[in-house]
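Structure at a glance
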Amino acid sequence: MENKIKMFMVLASILVLVLPIISPAIPIRAEEQEVYVLASLRSDLITMNPFMQTLIDESNVMELVYDTLFRQAPNGSFIPWLAESVDISENGTVWTFHIRRNVKWHDGTPLTAEDVAFTLNLIVEKRFPSRSNVFEAINRTELIDDYTVRVYLNYPYAAFAPALSFVYIVQKAKWENVEDPFTYSNFENPIGTGPFKWVERVAGDYVKLAANKDYWAGAPKIDGVIFKIYQSSDAAYMAVDKGEIDAMNNLFIPPHLISQAEEKVNANPALRLHFRKPVYFQYITCPLWKYPFSIKEFREALLYAINVSAIIDIVYNGHADPGSLGTMPPVFGEMPENWYKPGLEKEVLYPFNLDTAKSILDSLNFIDRDGDGIRETPNGTKLEFSMLASSIYPDRIRIAELVRDWWNEIGVKVNVDVLDHRTVVSTFLSHDFDLIVIGIWLSEPDDWYLILHSSGAVVNGFNTAEYKNSEVDALLEQQRAEVNIERRRQLLWEMQEKVAQDIPYLSLVHIHEAYMYRVDKVTGWVTSTIFPPGNFWSYLNLQPATPTTPATATTPATGTTPTEETAPAAGVPLEWIGVGVVAVIIIAVVAFIVLRRK
Amino acid sequence: MTGVLRLIIVKLSYRIIILFIILTLIFLIPRLAPGLPIDYLVEDPRVPPEIRSELMAKFGLDKPIFPDQYLDFLERTILHLDFGYSFMYQESVFKVIAERITWSILLVGSALAISFILGTCLGIFAAWRRGKITDYSVVFSVLFVRSMPVFWTGMILLLFLSYYYNIFPTGGAIQPGAKYDSFLDYAYDVLRHLALPLMAIIPFFTAKYLMVMRNSMVDVVTEDYIVTAKAKGLSDRKIMFEHAARNALLPVITMLAIDIGSIMGGAVVTETVFSYPGVGLLIYSAVMNHDYPLILGAFFIISAVTLITTFIAEILYTMLDPRVKAHEA
Amino acid sequence: MGFLTTIIEVLRRPWGLIGFIILMFFVSIAILAPYISPYNPWKITGRPFSKPSPDHLLGTNDMGQDLLSELLYGARLSLMIGVVAAVASTIIGTVVGLLAGFLGGVFDRTLTGITDVFLLLPALPLMLVLSVFMGPGFFTIVLVITVMSWPPVARMVRAQVLSIKNRLYVEASRALGAGGLHIMFRHVLPNIAPVMVAIAVLMVGEAMIAEASLSFLGLGDPTKKSWGIMLHWAFRTGAFSFGAWWWIVPPGLCIALVVFGFASLGYAIEEVINPRLRAGR
C-alpha cells in the first residue's frame with residue numbers, strides 16, 4: 001500500500017512537470033541580437049479591426065501597423081502623411097488627395113488610390129459608429145487615377161484632417177472579401193502599410209510588432225515593438241523602474257509617486273521622466289433642465305464652493321491645470337493654432353469662497369428651515385443630491401468626496417455613489433442623474449460640438465447638461481466650416497467666452513500625466529507635450545543605444561496560421577434539437593426517480 | 001455490478017438535470033435582467049438605428065424569447081459548444097476563453113497538484129502525532145495561513161520579492177519578445193513568472209487539504225477495524241499507511257474534484273494582483289464590462305467541468321469505499 | 001450539556017481561549033474606535049502619503065487621512081459585514097437544510113437540487129456579477145456573500161437532520177403521535193443548534209475574506225472605511241511602488257488575525273460539542 005502512495009506521488013509530480021508542455025505554443029528561436037522596445041498597455045486589445053477601434057490601446061497599435069492620410073505631428077498640428085499633398089477647393093468641400101507612390105503593403109503589393117477610396121467608401125457605406133464624423137461629412141469619393149482620389153464633403157469641414165488621422169487605410173484585396181466588417185476581429189495577420197508589421201498577440205498578455213524594413217518613410221532602426229498589458233499604473237511604473245519594459249504608455253505614474261520617480265530619475269541615468277498634458281477635460285455635469293440646477297445662480301454658488309487648488313494639491317499632488325469654464329484644456333494654448341482662450345479659469349471667475357456661496361444660496365431663498373443642516377428650496381425640497389463616480393478612477397472618487405465635504409458646509413448634501421464604469425457611462429448618456437464626476441477625451445476643438453451643441457442634447461448624446469444656446473450653436477457650426485485658422489480661432493474664443501458665461505459644466509481640472517521611460521537600451525525618444533514618450537514618432541526614430549551589428553538571420557516567419565471558423569452545421573432542424581433535449585431530460589428525470597426508489 | 005451501474009445512471013441523470021437547470025438559468029438571466037445585453041451597443045449614441053436592428057438580428061435578439069431564442073440557444077450550446085459572441089471581444093466566447101485557459105490550467109492546476117501532495121502528507125503527519133505539540137503547531141499554522149486573504153499574501157509577496165528584492169518579475173506569464181535557446185529556457189521563464197502567483201495560492205489550498213486529511217485520518221483511526229488492527233499488534237506505521245491513509249484520502253479526493261472544476265474559473269483575485277493572463281482576469285474584465293455572453297459562457301464551462309469531475313470522484317468513491325451506500329444520490 | 005458549561009469547556013481549550021481573546025480585542029477596538037482613534041479618519045490631517053511619524057503612527061493615505069484611525073474605524077465595517085453575512089447565511093442554510101431533511105420527498109429533492117446548483121456555480125465570479133448588478137453598499141455585500149455561503153450550511157444541516165431523524169427517540173415520539181412541528185422543535189433543532197453555532201462562527205471568517213476580496217477588486221463602496229477598502233486604495237493609488245508597507249501590511253494582518261480568531265473559536269466549539277463531527281465537513 002505504501003507503494004501505491006509513492007506511485008500516486010510520482011504521478012502527481014509528473015503532472016506538474018507536464019503542465020508547462022501543454023501551455024501555448026513555444027517559440028524557440030536562435031539567439032539573435034534584436035532590439036525590441038517594450039511599452040505598457042492598459043488593457044487587452046478587443047479588436048484589430050480599424051473600423052471598430054474605440055480604445056486608445058488599440059489605436060496605439062493600429063497607428064504603427066496602418067498608415068493614415070494625416071498624422072498628428074509632435075507639435076499638435078495635423079500633417080499630410082500617406083497623402084503627399086492635398087488640394088482643398090475654395091469652398092472647402094472638395095478635397096483632392098495625391099497619394100504617395102512608393103508605399104507598399106506588408107505583403108509587398110503596392111498601395112494605390114483604390115485602397116484609399118475603398119476604405120473611405122466602406123466607412124460611408126457601413127456607417128461604423130466609431131467613425132461617424134467621417135461618414136457624416138463625406139458625400140462621395142471619386143477615383144481620379146491610380147494615385148489620386150477626390151472626396152466630396154456634405155459641408156465644409158475644418159476638422160476633416162484630424163478626423164482622417166483616425167482612418168486607418170486598409171487593403172482592398174483583403175477587405176473586400178471580409179464578410180462582416182462589423183464583427184471581423186482582424187487578429188490574424190492584419191496587413192497595413194505602417195512602419196511595423198503584426199507578429200503575434202498572446203491574449204491578455206502582450207502584442208508584438210516587428211519593423212517593416214520597406215517602410216516608405218525609412219525603416220525603423222529598432223527591430224520591433226512589444227506592448228505588454230499591466231493591470232495598474234503602479235505595476236507599469238515598477239516594470240520600467242526594474243527594466244522589464246522601456247516606457248510607460250497609457251498608464252501613468254500615480255501623482256503622489258512623482259516626487260519619488262524624480263528621485264529615481266536623478267539617481268539612475270538610464271531613467272527619464274516625461275510630462276504630458278492630454279487633451280482631457282475633468283468636470284462635474286448636472287442636468288440644466290432639472291430644478292434647481294436650471295438656476296444659474298445656484299450653479300455659481302456650487303462653483304464658489306469648489307476648491308480647485310485643493311483638488312490639484314491633494315488629489316493630483318500639484319500636477320494638473322485648473323479647469324477653464326470655457327471647457328477647453330489649456331494645452332491647446334501650447335499648440336501653434338492656439339485654440340485656448342485664457343482668463344476663463346474657474347478660480348479666476350469664481351474663486352473658492354464658502355461665504356459667497358452661502359450668501360448666494362440665501363438670496364435664492366434656499367434656506368435651512370428645519371435645522372438639519374441641509375437647505376431647502378422655497379417649495380420645501382431638500383438640496384440633497386447623488387453624485388456618481390466611476391469605480392475605476394480613484395481620482396474622480398476622491399474629488400467627489402472633497403466636493404461633498406465642501407458643499408456639505410454650505411448646506412448642500414451630496415451622497416457619493418461609486419458605481420462600475422459601464423453603469424456610470426450609461427447613466428451619463430441617459431441624461432437622468434443629479435451629478436456625475438466625469439472626464440472626457442476630446443482631441444480636436446470640433447469635438448466640443450458633441451458636448452456643447454444643442455444637437456447633442458438628446459438621450460445618448462454627449463451634451464449631458466442638455467445645454468442649448470443658439471449663439472453657441474451658430475459659433476460651433478461656423479468654426480466647423482472655417483478652414484482659415486485665424487478666423488476659426490476667433491470663433492472658438494468667442495464660443496469659450498459664451499460658454500463660460502452660461503456655465504453648463506462645472507469644470508474642475510486638466511490633469512498632467514507623468515511617464516517614466518528608459519534610455520539605456522534605445523535612444524531617440526520624441527517627446528511632446530501632447531503625446532506619451534511611446535508614440536508613433538518615437539518608434540520611427542528610436543535606435544539601439546549601443547550600435548549592434550545587424551542580424552544576418554532573417555526574422556522568423558510571422559506565420560500565425562489563420563484558423564478557419566467552422567460554420568455551424570445547418571443540417572439539424574431546430575425541432576429535432578428541441579425533441580432531443582426534451583427526451584434526454586425526460587429520460588434523466590425518469591431514470592432518476594425510478595432507480596432511486598429501489 | 002448492477003447496483004453500481006444503477007448508481008452511475010442515477011448520478012448521471014441527476015447531473016444532467018442540474019446542468020439543464022443551469023443552462024436555463026444562463027439563458028434567462030441576461031434576458032430578464034433590466035438592461036438587455038444589446039445595451040452595450042445602444043450605449044454608443046452614434047450607432048444608427050438600422051445598424052442596431054441589424055446587430056439585434058445578428059445576436060438573435062429580435063426573435064421571441066420562447067421558444068425560438070430558447071431552442072436556438074440550446075442548439076448552439078449543446079451541439080456546437082457555441083456560447084455566443086462576446087460583446088467585448090467581438091469573438092466567439094469559446095475562442096476567447098480557450099485563448100486564456102491554458103494559463104489558468106497551468107497556474108491553478110499546478111497549485112492544486114502541489115497543494116494536494118503537500119496537504120495530504122502533512123495531514124497524515126499531523127494525524128499521526130495527534131494531540132502532540134507537532135500536531136498543534138501544524139494545525140495552528142494552517143488555521144493562520146487560511147485566515148490570510150489570498151490577494152493580500154500576493155501583495156506582500158510582490159512588495160518584498162519583486163519590489164524590494166528584485167527576484168521575480170512583477171507580472172505576466174512570460175517575458176514578451178524573449179528568445180529561447182531551448183525548451184528548458186522557456187520552461188524557466190514560465191516558472192519564473194509562475195512562482196509568485198503559485199506562492200500566493202499554494203498555502204491556501206494546502207491548508208484546506210491538510211485540515212481535511214488530518215480530520216479524516218483522526219476519524220478513521222477511531223474506527224473499529226483500525227482499533228482491531230491495533231489490538232492485533234500491528235505497528236503504528238503500518239496501520240497509518242496501509243489502512244488509515246487509504247480510507248482517509250477519500251474525502252480529500254472529493255474536495256480535489258470540486259477544486260479541479262474551479263480551475264476553469266482561474267483564480268480571479270490572484271490573477272488580478274499578478275496581471276496573470278488567465279480566465280480569472282478575463283472574467284473580472286468581462287464583469288466590469290457587462291459582457292454577459294462571456295460571463296455566462298464561462299459560468300457554464302466551469303459548472304459543467306465541476307459536474308464531470310465530481311461525478312468521476314463520486315464513482316471512484318463508491319467503488320473504493322465499501323461504506324458508502326448505494327442509495328445516497 | 002448546558003449553555004454555560006459549553007462556553008466554559010470552549011474557553012478551557014487553548015484554541016477557544018486564543019480565539020476568544022483575539023476577538024474580544026478587535027471587538028473592543030471596533031466599539032471604542034471613536035475614543036481611541038487619534039484623528040477622524042474622514043478628515044484630512046496631513047500631507048498625502050506621509051511616512052509613519054509621531055503625528056501619524058502609520059502614516060497617511062492618498063488623501064492625507066490618518067491610516068491608524070482608518071484601521072481602527074475599519075474594524076467596525078469589516079466585523080459588521082462578516083457577522084451579519086454569517087448569521088444570515090447560517091439562518092437561510094439551516095432553514096433550507098431543516099426543511100429538506102425533515103419533510104423529505106419531492107420537497108427534499110427540489111431543495112437539494114437548488115443547493116447543488118448554487119454549489120456548482122463559481123463563487124467569486126458570481127459575487128462579482130451580483131455586486132456590479134446591484135451597485136455597491138453594505139446591503140449588497142452582505143446579500144452577495146450570503147447568497148454564495150448558505151448552500152454548504154444547508155447541506156450540512158440536512159445531513160445532520162437525516163441522522164437525527166433516524167435515531168430511535170424520534171421514531172419513538174412519532175409512534176406516540178407527536179406532530180411534525182413538535183418533533184422539529186423538540187428534538188431536531190436542539191440537537192443541531194450547537195452545530196449551527198460552530199458553523200456560524202467559522203462562517204464569519206470566510207465572509208470577512210469575501211468582503212475584503214470584493215472590496216479589493218473595487219466592488220465595495222470605496223467611500224467607506226473597511227480593511228478591504230483600505231487595501232483597495234493602497235493598490236489603486238500606488239502604495240506599492242511607494243514601498244508603503246505601513247499601509248499594506250496592517251489591514252491584511254488585522255483581517256488574518258480576526259479570521260484566525262473566529263476559526264480557532266469555531267474549531268474549539270466543534271471539538272467540544274462533537275469531537276467526531278469535524279470529519280463531516
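Worth saying up front: this structure is predicted, and the values here are computed from it rather than measured. (Residues numbered from 1 in each chain as written. Chains lettered and ligands numbered in written order. Predicted model: local features only at pLDDT ≥ 70, side-chain atom pairs only at ≥ 80, totals over all residues. Heavy atoms only, no water.)

With respect to the packing of helix α3 (residues 67-103) of chain C against helix α10 (residues 245-273) of chain C
All names here are of chain C. Which entries qualify depends on this criterion: Angles shown run from 0 to 180 degrees and are taken between the N-to-C directions of axes, each axis being a line fitted to C-alpha atoms and, for helices, limited to the stretch in contact. Helix numbers and strand numbers start at the N terminus; a helix is a DSSP run of H or I with at least 4 residues, a strand a run of E with at least 2. For this classification, under 35 degrees means roughly parallel, over 145 means roughly antiparallel, 65 to 115 means roughly perpendicular, and everything else is oblique. In this scheme, a crossing is called left-handed if the near helix is turned counterclockwise away from the far one by less than a right angle; it is called right-handed if the turn is clockwise. Pairs of residues are marked as contacts when any of their non-hydrogen atoms sit within 4.5 Å.
α10 packs onto α3 with a crossing angle of 30° between their chain directions and a minimal axis gap of 11 Å. Taken together, the axis directions place α3 and α10 in an arrangement best described as roughly parallel. Read as a crossing pair, α3 and α10 show a hand that is right-handed. Across the interface between the two elements, Leu67, Leu71 and Leu79 from α3 touch Trp246, Trp247, Pro250, Pro251, Cys254, Val258 and Phe262 from α10.

Some words on the nonpolar core
To keep things clear, this is the line we draw: We call a set of buried Ala, Val, Leu, Ile, Met, Phe, Trp, Tyr and Cys residues a nonpolar core when their side-chain atoms join them within 4.5 Å. Any residue under 20% of the maximum accessible area for its type is buried, any over 50% is exposed, and the rest in between are partly exposed; the area is computed with a 1.4 Å probe on protein chains only.
Ranked by size, the top nonpolar core spans 263 residues in total, and within it Ile284(A), Phe298(A), Ile311(A), Trp407(A), Trp227(C) and Ile248(C) carry the most contacts. Each residue touching Trp227(C), except ones within four places of it in the same chain, is listed here: Phe26(C), Leu71(C), Gly74(C), Ala75(C), Ser78(C), Met208(C), Pro251(C), Cys254(C), Ile255(C) and Val258(C). Counting residues in each nonpolar core, the second largest holds 115 residues, with Leu120(A), Val151(A), Tyr505(A) and Leu542(A) among its members.

Concerning the side chain of Asn249(A)
All names here are of chain A. Just so we agree on the cut-off: Two N or O atoms form a polar contact when they lie within 3.5 Å of each other; inside protein one atom must be a possible hydrogen donor and the other a possible acceptor, and for residues adjacent in sequence the pair counts only when both atoms belong to side chains.
Position of Asn249 relative to the elements: it lies in the loop between α7 (233-242) and α8 (258-267). In terms of polar contacts, Asn249 uses its side chain to reach the side chain of Asn60, at 3.1 Å. In this structure, Asn249 is in contact with Ala39, Ser40, Leu41, Asn60, Phe227, Tyr515, Pro532 and Gly534, ignoring residues within four places of it in sequence.

Looking at the environment of Phe235(C)
With respect to the helices and strands, Phe235(C) occurs in helix α9 (residues 227-237). Distance in space between the C-alpha atoms of Phe235(C) and Arg109(C) is 45 Å, their sequence separation being 126 residues.

Description of the sheet that holds strand β4 (residues 83-88) of chain A
Residue and element names in this part refer to chain A. Where we set the bar: When DSSP locates at least two bridges between a pair of strands, those strands are taken to pair.
Spatial ordering of the open sheet is given by β4-β5-β7-β6, a layout of 4 strands whose pairing is antiparallel. With one partner strand each, in any of the chains shown, β4 and β6 (138-145) form the two edges of the open sheet. Strand-to-strand twist of the sheet, defined as the mean angle between neighbouring strand axes without regard to direction, takes the value 20°. The pairing of β6 with strand β7 (residues 148-153) spans 6 bridges and is classified as antiparallel. Bridging from a neighbouring strand, Leu143 pairs with Val149 of β7.

Quick word on the sheet that holds strand β10 (residues 224-229) of chain A
Residues and elements named next belong to chain A. Pairing is mixed across the open sheet formed by 4 strands, whose spatial order is β1-β10-β9-β8. Taken across any chain shown, the strands that pair with only one partner, and hence form the sheet edges, are β1 (36-41) and β8 (196-202). Each strand axis lies, on average, 20° off the axis of its neighbour in the sheet, ignoring direction. With 6 bridges joining them, β1 and β10 adopt parallel strand pairing.

With respect to the pairing of strand β15 (residues 413-419) of chain A
Residue and element names in this part refer to chain A. Here is the rule: A clockwise path from the first strand over the helix to the second, with the strands pointing away from the viewer, defines a right-handed crossover.
Two elements, strand β14 (residues 384-390) and β15, share 7 bridges in a ladder whose sense is parallel. By the bridge assignment for β15, Leu388 is matched with Asp417. Taken together, β14, helix α13 (residues 394-409) and β15 constitute a β-α-β crossover, and its handedness is right-handed.

Brief notes about a nonpolar patch on the surface
Residue and element names in this part refer to chain C. Here is the rule: Like-charged residues are merged into a patch within 9 Å and nonpolar side chains (Val, Leu, Ile, Met, Phe, Trp, Tyr) within 5 Å, provided each residue has over 30% relative accessible area and no salt bridge. Areas reported as accessible are Shrake-Rupley estimates using a 1.4 Å probe. Residue values count occlusion only from the protein chains shown. A pair is scored as a salt bridge if a Lys or Arg side-chain nitrogen falls within 4 Å of a carboxyl oxygen belonging to Asp or Glu.
A cluster of nonpolar side chains, namely Leu17, Phe20, Ile21, Met24, Val27, Ile31, Leu32, Tyr35 and Ile36, defines an oily patch on the protein surface of about 860 Å² accessible area. With respect to the secondary-structure elements, Phe20 resides in helix α2 (residues 14-36). Here Phe20 falls in the partly exposed class, since its relative accessible area comes to 33%.

Quick look at the packing of helix α9 (residues 296-304) of chain A against helix α12 (residues 354-363) of chain A
Residues and elements named next belong to chain A. How we decide: Each residue is assigned to one class: nonpolar for Ala, Val, Leu, Ile, Met, Phe, Trp, Tyr, Cys and Pro, charged for Asp, Glu, Lys and Arg, and polar for all the others, Gly among them.
Running from N to C, α9 and α12 point in directions that differ by 160°, and their axes come no closer than 8 Å. Judged on the interaxial angle alone, α12 and α9 are roughly antiparallel. α12 is crossed by α9, and the crossing has left-handed handedness. Between α9 and α12, the contacting residues are Glu297, Phe298, Glu300, Ala301 and Tyr304 on the first element and Leu354, Thr356, Ala357, Ile360 and Leu361 on the second. The residue inventory of the contact of α9 with α12, partitioned by class, reads 7 nonpolar, 1 polar and 2 charged.

Some details on the confidence of the model for chain C
Residue and element names in this part refer to chain C. Put simply, the rule reads: As a per-residue measure, pLDDT reflects the predictor's confidence and takes values from 0 up to 100.
Per-residue pLDDT for chain C averages 85, and the proportion of residues at 70 or more is 92%. Considering each helix and strand of chain C separately, the mean pLDDT is smallest for helix α7 (residues 168-175), with a value of 66, and largest for α2, with 93. Counting contacts from residues 277-281, a segment whose pLDDT is below 50, to residues more than four positions away or on other chains yields 12 contacts. Both confidence scores are given for the complex: pTM 0.84, ipTM 0.86.

Let's talk about the pairing of β4(A)
Residues and elements named next belong to chain A. Pairing analysis gives 5 bridges linking β4 to strand β5 (residues 94-99), with the strands arranged antiparallel. For Val86, the partnering residue across the bridge sits in β5 and is Phe97. In textbook terms, the turn of a hairpin is the stretch between consecutive antiparallel strands, and for β4 and β5 this stretch comprises 5 residues, one of which, Gly92, has a positive phi near 80°.

A short note on the interface of chain B and chain C
The following threshold applies: For any pair of parts, buried area is found by adding up, for both, the accessible area (1.4 Å probe) each one loses once the two are put together.
Contacts between the two partners involve 46 residues from chain B and, on the opposite side, 43 residues from chain C. Buried surface at the junction of chain B and chain C, both sides included, amounts to about 4200 Å², of which 79% is carbon and sulfur. For chain B, the biggest contributors to the area lost against chain C are Phe151(B), Trp152(B) and Met155(B); these three give 14% of the whole. Across the contact surface, chain B and chain C share 1 salt bridge. With its nearest N and O atoms 3.9 Å apart, the salt bridge here joins Arg146(B) to Glu206(C). The tally of links between chain B and chain C comes to 5 residue pairs in polar contact (both at pLDDT 80 or more). In terms of residue class, the side of chain B that touches chain C is built from 35 nonpolar, 7 polar and 4 charged.

Description of the packing of aromatic side chains
Pairs of aromatic rings are described using the distance from one ring centre to the other and the angle between the two planes. Definition in use: Pairing of aromatic side chains here covers Phe, Tyr and the six-membered ring of Trp, requires ring centres within 6.5 Å, and sorts the geometry by plane angle: under 30 degrees stacked, over 60 edge-to-face, intermediate tilted.
With the rule as written, the count across this model stands at 53 aromatic pairs over all chains. Seen in terms of ring centroids, Phe205(B) and Tyr209(B) are 6.4 Å apart; in terms of plane orientation they differ by 15°. Their pairing is stacked. Taken together, the positions of Phe205(B) and Tyr209(B), both in helix α8 (residues 183-221) and 4 residues apart, correspond to about one turn of that helix. Assessed through its relative accessible area of 9%, Phe205(B) is described here as buried. Centre to centre, the rings of Phe26(C) and Trp227(C) are 5.8 Å apart; their planes meet at 80°, and the pair counts as edge-to-face. Of the two residues, Phe26(C) sits in helix α2 while Trp227(C) sits in helix α9, which places them 201 residues apart along the sequence.

Thoughts on the pattern of salt bridges
For the structure shown, the criterion picks out 44 salt bridges over all chains. Here Asp372(A) and Lys382(A) are joined by a salt bridge, their closest N and O atoms 2.7 Å apart. Here Asp372(A), found in the loop between α12 and β14, pairs with Lys382(A), found in the loop between α12 and β14; they are 10 residues apart in sequence, far enough to count as distant. With a relative accessible area of 38%, Asp372(A) lands in the partly exposed category. Arg155(C) is the partner of Asp116(C) in a salt bridge, and the nearest nitrogen-oxygen pair spans 2.8 Å. Remark: Arg155(C) occurs in helix α6 (residues 138-165) and Asp116(C) occurs in helix α4 (residues 105-120); sequence separation between them is 39 residues.

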